[in-house]
Structure formats: structure tokens, C-alpha cells
Amino acid sequence: MQHVSTAKAVPQAPGAHQGHTGPLIVITILFFMWGFLTSLNDVLIPHLKSVYELSYVKAMLVQLCFFGAYLVVSLPAGFLIKKIGYQKGVVAGLAIAATGCAMFYPAANAGYALFLLSLFVLAAGITVLQVAANPYVTVLGDPATASSRLTLTQAFNSLGATVAPYLGALLILSSTVLSADDLKKLPEAEQIAYRVHEAATVQLPYLMMAALLVALAVFFAMARLPAITDSDDAAAAGHGDDKASVTGYRHLVLGALGIFLYVGAEVSIGSFLINFMGEKNIAAFSADTAAKYVTIYGGGAMIGRFIGFAAMRYISPGKALAFNAACSIALIMVAVFGSGMVAMWAILLVGLCNSIMFPTIFSMALYKLGKFTGQGSSILCMAIVGGALVPLAQSVLADAFGVQLSFLVPAACYLFVIYYGLKYAKMYQG
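Predicted, not measured: the structure shown is a model, and the values here were computed from it. (Residues numbered from 1 in each chain as written. Predicted model: local features only at pLDDT ≥ 70, side-chain atom pairs only at ≥ 80, totals over all residues. Heavy atoms only, no water.)

**Q** Looking at this structure, how should I read the environment of Phe156?
**A** Tracing the backbone through its elements, the reader meets Phe156 in helix H7 (residues 146-171). According to the relative accessible area criterion, Phe156 is partly exposed, its value standing at 29%. For the pair Phe156 and Gly35, spaced 121 residues apart in sequence, the C-alpha to C-alpha distance is 7.9 Å. Other than its neighbours up to four places away in sequence, Phe156 contacts Thr28, Phe31, Phe32 and Phe306. (Helix = DSSP H or I, 4+ residues; strand = E, 2+ residues; numbered from the N terminus. Buried < 20%, exposed > 50% of the residue type's maximum accessible area, 1.4 Å probe, protein only. Contact = heavy atoms within 4.5 Å.)

**Q** Whenever I open this one, the nonpolar core confuses me. Can you help?
**A** A general tendency of soluble globular proteins is for nonpolar side chains to be buried together. Core analysis: the largest hydrophobic core is formed by 131 residues, its most contacted members being Ile347 and Tyr414. The contact partners of Tyr414, leaving out residues within four places of it in the chain, are Tyr262, Ala265, Glu266, Ile269, Ala325, Ser328, Ile329, Ile332, Val350, Asn354 and Met357. (Core = buried A, V, L, I, M, F, W, Y, C linked by side-chain atoms within 4.5 Å.)

**Q** Even after reading the chapter, I still don't get helix H4 (residues 86-102), so can you show me in this structure?
**A** Every α-helix winds through 3.6 residues per turn, so residues three or four apart in the chain are directed the same way. Helix length check: H4, at 17 residues, gives a terminal C-alpha distance of 24 Å against a target of 24 Å (1.5 Å per residue), a fit within 8%. Considered for burial, the residues of H4 that qualify are Tyr86, Gly89, Val90, Gly93, Leu94, Ala97, Ala98, Gly100 and Cys101. (Expected span 1.5 Å × (residues − 1).)

**Q** I keep staring at the state of the cysteines and nothing clicks. Help me out?
**A** All told, the structure shown has zero disulfides when counted by the stated rule. With no disulfide of its own, Cys327 lies 4.9 Å from the sulfur of Cys353, the closest cysteine sulfur. With a relative accessible area of 25%, Cys327 lands in the partly exposed category. (Disulfide = S-S within 2.5 Å.)

**Q** How should the packing of helix H3 (residues 61-84) against H4 be read in this particular structure?
**A** Pairs of packed helices are described in terms of their axes, by the angle between the two and the distance that separates them. Remark: H3 packs on H4, axes separated minimally by 7 Å, with the N-to-C direction vectors making an angle of 130°. Comparing the axis directions of H3 and H4 gives the class oblique. In this structure, the crossing between H3 and H4 has a hand that is right-handed. Only Tyr86, Lys88, Gly89 and Ala92 of H4 make contact with H3, whose side of the interface consists of Leu80, Ile81 and Ile84. In terms of residue class, the contact of H3 with H4 is made up of five nonpolar, one polar and one charged. (Axes fitted to C-alpha atoms, helices over the stretch in contact; angles between N-to-C directions. Parallel < 35°, antiparallel > 145°, perpendicular 65-115°, else oblique. Left-handed = near helix turned anticlockwise from the far one by under 90°. Nonpolar A, V, L, I, M, F, W, Y, C, P; charged D, E, K, R; others polar.)

**Q** I'm lost on empty space enclosed by the protein in this one. Help?
**A** Think of a ball as big as a water molecule: rolled over the atoms, this probe shows where empty space is left. For the structure shown, the criterion picks out one cavity of 30 Å³ or more. Taken as a whole, the largest cavity encloses approximately 420 Å³ of empty space. Lining the largest cavity are 28 residues, with Thr38, Phe67, Asn157, Glu266 and Val267 sitting closest to its centre. Within the residue set of the lining of the largest cavity, elements represented by two or more residues are helix H1 (21-51), H3, H7, helix H11 (250-277), helix H12 (287-311) and helix H15 (350-354). Split by residue class, the lining of the largest cavity holds 13 nonpolar, 12 polar and three charged. (1 Å grid on protein atoms, 1.4 Å probe; cavity = no way out; pocket = protein on both sides within 12 Å on 5 of 7 lines; lining within 4 Å. Points joined across faces, edges and corners; volume = space filled by probe spheres on them.)

**Q** Can you walk me through the environment of Ala310 in this structure?
**A** In this fold, Ala310 is placed in helix H12. A residue is classified by how much of its surface remains accessible, and Ala310, at 41% relative accessible area, is partly exposed. Separated by 159 residues in sequence, Ala310 and Thr151 have C-alpha atoms that sit 9.3 Å apart.

**Q** How should the packing of aromatic side chains be read in this particular structure?
**A** The geometry of an aromatic ring pair is captured by the separation of the ring centres together with the interplanar angle, meaning the angle of the planes. Enumeration over the complete set of coordinates arrives at 19 aromatic pairs. Seen in terms of ring centroids, Tyr52 and Tyr112 are 5.8 Å apart; in terms of plane orientation they differ by 45°. Their pairing is tilted. Taken together, the residues Tyr52 in the loop between H1 and helix H2 (56-59) and Tyr112 in helix H6 (residues 112-139) connect sequence positions 60 residues apart. A connected cluster of aromatic rings, assembled from ring pairs, spans Tyr52, Phe104, Tyr112, Phe115 and Tyr206. Positioned above the aromatic ring of Tyr56 is the side chain of Lys49, whose terminal nitrogen or guanidinium carbon lies 4.5 Å from the ring centre. (Phe/Tyr/Trp six-rings, centres within 6.5 Å; stacked < 30°, edge-to-face > 60°. Lys NZ or Arg CZ within 6 Å of the ring centre and 35° of its normal.)

**Q** Could you clarify how one ought to interpret the side chain of Ser355 in this entry?
**A** The residue Ser355 is located in the loop between H15 and helix H16 (357-365) in this model. Its relative accessible area of 2% is what places Ser355 among the buried residues. The contact partners of Ser355, leaving out residues within four places of it in the chain, are Gly300, Ala301, Gly304, Arg305 and Asn324.

**Q** Explain the environment of Asn275 to me, please; I cannot follow it from the model alone.
**A** Take Asn275: it is sitting in helix H11. Owing to a relative accessible area of 17%, Asn275 belongs among the buried residues under this scheme. As a C-alpha pair, Asn275 and Gln404 span 129 residues in sequence and 9.6 Å in three-dimensional space. The contact partners of Asn275, leaving out residues within four places of it in the chain, are Pro46, Lys49 and Tyr56.

**Q** When you look at helix H17 (residues 373-382) in this model, what are you seeing that I'm missing?
**A** Within H17, 10 of the 10 residues are buried, which leaves the element mostly enclosed by the surrounding structure. Residues of H17 that are buried include every one of Thr373, Gly374, Gln375, Gly376, Ser377, Ser378, Ile379, Leu380, Cys381 and Met382, and no others.

**Q** Just to check I follow, could you spell out the packing of H11 against helix H18 (residues 386-401) for this structure?
**A** Where H11 meets H18, the axes come as close as 7 Å, and the angle between the chain directions of the two elements is 50°. Of the possible angle classes, the one that applies to H11 and H18 is oblique. Crossing of H11 over H18 shows right-handed handedness. Facing H11, whose interface residues are Phe260, Val263, Gly264, Ala265, Val267, Ser268, Ile269 and Phe272, H18 presents Gly386, Gly387, Leu389, Val390, Pro391, Gln394, Ser395 and Ala398. Here the contact of H11 with H18 is composed, by residue class, of 10 nonpolar, six polar and no charged.

Here it is, written out as C-alpha cells:
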């Protein structure tokens, strides 16, 4: 693999940490935005599933196209940022994401395939932002508190994820949705008109997001951020152990698998929440009502990250990671084998347990990589493709055995997260 520098960056301003506050606030805006856009998929999936009468497998192509972009775009994004710089890279990412949002307007008339392409373009822009912003946060301060700092910025990512389902329910799911049986009773012309109308409900929200992303691109183009350099010198990113290649760092390789499985589990659960709460033996909620409860899933992650920002300065990130993953499994088991409101609240509370997982795995995996930090960051961003593949695996189980039993797939993913946290709890003390 070619060397892609995405995190060997250090601000050139003299080292006082208080000088990092402004840039950290600016970068945090990005975390909010991509949290919002990513969480909108949880509303989009049941909506498109209903409009186009899709199976769960076909509906999960939304996440396949969205998170598949991380696998395809992460390395090119690293090269792009290396060539044009971090700040211009952020502007480029915002512009690409805005283009993807704007494509939703013609997609409403063109059909499901163009929706999928639009999502890929949107996610490509977000990938560019991720490749730049995550490692940027890790170098804006003391390396020992990188996990805590990334947890704080991820809390605002969760704030976006909390707000998005509620607004999505109001803007996309608020119209009356006919059941498949009722729709088939209508004349063919009325069926077509209905599908066109329902598909068009996404146009305004995504055009609004396109305009907001363009405004942010202009803002970032004009903002004064610290000068960033891209050096192969190990001192720029912290001293590593002088391995021959990035694959020599076992904690990075296993961390990439941890990111793959964790992101896959988090996205997979969110993707099925609305349908799960619509099950008669769970809550029998309509789609728009269920979507508003999805805010609890993202809200729990947000609250947990604010708590984790403070707590993880004093406790082992690895042990906290393993504990939260174990709690996630316990809650999923209640959701799988329980019923009614108990099962519903159990699956929603997994969001609270998810809170610290991504930033903790990410910062643990980058620990003491030295000159390979940038390459390691690109590998970790590529591993986010788990958000494409794990939901697809769960959809196969959902089509075969039902939504409730399908949550065993993310439960299995959390088992590895427990292993990773315990294995490296002593190596990394955040």
C-alpha cells in the first residue's frame, strides 16, 4: 500500500495548547454535519423500502453505497489532502457532499438507482472530511488525551445524529404512507403517481442540506486555521517503534477490524430501528412515530460521549471500551428475546453504550505509529466500510427469520470489541 499521509500533521503555531481551541471548534462543526447526514439514512431506508416495495436486502443497498464510499474513497482522499492541504481538502469534501445532496432532486423522478448513486457521492464528500478531521483532532493537543478529545468532537457528531431522525420524520415521513396491500388496490396510474409523490418528499430536505454544505464550504475557505504540514518525520506525529511497515503494528491491524465491526454494528442497529419498532410484538409504531424515537439512539451516544470526554481522562480507555461492548450485547439479547416496550428500550439504549467506542478504537489503533500515523488513519477510515457490509448481513437474516432475530449479527460484532479493549487496555492509557 502506498504511503498516504492523513494524520502526521502538526500546527505550526507555537505549542501552547490553548491555541488549539479555535481550530477544534471549527472542526467540530464538521462532526455535527456528517453525523446529521449519516443518521438521515435511518429515515431514508424505511421510506424508500416502502416507496419501491424493497426487500430488506435491497433496502440496505442504501448503506452499502453510502459506507462503501469509505472503502473506495479513503485512499484517494488521502492523496488529495496531501496535494492540496487540509483546509482546501475540507472545502473539497463539503463541495462533493453538497453535490450528492443536490442529486436527490432528480433522483426523486429517476428512481432508486439514482438515489443510490447520490448517496455514494454524498458519502465520498464525507469520507474526505473524515480522513482529514479525525487525525487533525488527535494532534490538536496532548497525545495522552487524544481519546478524550476525539470523544468530545464525536459527541457533536452524535448531536447531529440525534437531531436528524426527528427532522427527517417531520420532513420525509410525515405524509400518509399506504401499506403495500392498500397500494395494490389502486389503479396502476395512481400507484405510479403515489410513488412519485412519496419519492419527492426527500427533495426539499436534501436541497436544504446542499445549500448549507455550500455555505460551510465558503466559510471554511475563508476561515483562519493553523498552518498544517505533512512530514514523514516520526517526530511530527509522535515516536513510533520503528516497524518496517504499517502492518507491523498489530494493534492497528486489529483496530481496523474493530472499527469495521463496531461501525457495522452501530449502523446496522440504526438501520433497522424504525422497522423493529413497527413490529406488532414490539411497539407497532408508524414510521414517522418510530423515527422520532430513533433520536434516543443517537442522543444516548451524545450523552455518553460528553461523559466519556471527562471520565476517560482518568480511566483506561481499553477497559471502558470492553465494558460498554459487554453492556451492548446484554441489551441486544433483551431486545432479541424480549418483547414490547422492554425490548424497544433495550435496543435504543445500545446507543448510550456505543458512545465512546469509535473514538476510543480509533485513537488506540493510532497509538505510537510515528511516521505511519497517516497511513494508519487511512486504513481505519477504509474500515468504516463495515457500515456497508454488516447491515447487509443483518438484512439477509431479517428477510429469512425476521427483524428481531437479525440483531444477533451486531451482537456478534461487539464480541470482538470486548476482545480488543481488554487486549490493549494496559498498552494504551489515555
